[in-house]
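Commentary on secondary and tertiary structure
Each chain, letter by letter, is given below.
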Amino acid sequence: MEKSETALMLKGYGLTTAEMIYRLPDHRHVLNSFVWQDYDLAPDYPRLFDFIAYWQDAIDGPLHSVRFVHRKLIAPGEWRNVTGEFTYH
């Protein structure tokens with residue numbers, strides 16, 4: 001079962017977005033792009049590199065280049081447990 005996004009972020013995962021530029025199988029001179037996004041751990045990026053390995057093994061369009069960004073959405077100092085809420089008119 002997949003863990004929730006919040007649980008992953010609290011364990012240090014961040015949102016990784018990668019753009020794969022690849023060559024079309026039938027027209028090698030034409031480039032196309034594919035955007036992939038998942039929660040991953042920096043600096044090793046195991047999920048990203050697993051996906052790139054899968055692409056190279058199972059997809060006919062060879063990769064030309066890959067560029068990616070990584071952003072931690074929750075830092076350890078930003079999380080706090082709120083037990084109540086007050087409203088003021």
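Here is a short report on the structure shown in this document. A quick note: this is a predicted structure, and the numbers were derived from the prediction, not measured.

What follows is about the packing of aromatic side chains. All told, the structure shown has 7 aromatic pairs when counted by the stated rule. Seen from their ring centres, Phe-51 and Tyr-54 are 6.3 Å apart, and the 40° between their planes marks the pair as tilted. Separated by 3 residues within a single helix, Phe-51 and Tyr-54 lie in helix α2 (residues 46-58), roughly one turn from each other. Aromatic ring contacts, followed pair by pair, group Tyr-22, Phe-34, Trp-36, Phe-51, Tyr-54 and Trp-55 into a single cluster.

On to α2, then. An ideal rise of 1.5 Å per residue puts 18 Å on 13 residues; α2 measures up with 18 Å between its terminal C-alpha atoms. Of the residues making up α2, those classed as buried are Leu-48, Phe-51, Ile-52 and Trp-55. The buried side chains of α2 occupy one side of the element, clustering within an arc of 100° when seen end-on. Exposed and oriented more than 90 degrees from the buried face of α2 are Asp-50 and Asp-57. In this structure, the buried residues of α2 make contact with β1 (14-23), β2 (31-40) and β3 (63-71).

Calculation criteria
Residue positions within a chain follow its written sequence, with the count starting from 1. Only residues with pLDDT of 70 or above have their local features reported here, since the model is predicted, and side-chain atom pairs are shown and tallied only from 80 upward, although totals for entire chains, interfaces and linings are computed over all residues. The basis for every side-chain value is the complete set of heavy atoms in the structure, and neither hydrogens nor water enter the calculation. Under the pairing criterion, centres of Phe, Tyr and Trp rings, with the six-membered ring standing for Trp, must be within 6.5 Å; the plane angle then separates stacked pairs below 30 degrees from edge-to-face pairs above 60, leaving the rest tilted. Here a helix means four or more residues in a row that DSSP labels H or I, a strand means two or more in a row labelled E, and each is numbered from the N terminus. Every helix has an expected span of 1.5 Å times one less than the residues it contains. Accessible area is worked out with a 1.4 Å probe on protein chains only. A residue is then buried under 20% of its type maximum, exposed over 50%, and partly exposed in between. To be clear, the arc concerns the directions from the helix axis to the C-beta atoms. In this analysis, two residues are considered to be in contact whenever any of their non-hydrogen atoms come within 4.5 Å of each other.

Function-wise, these values are silent; they only describe arrangement.
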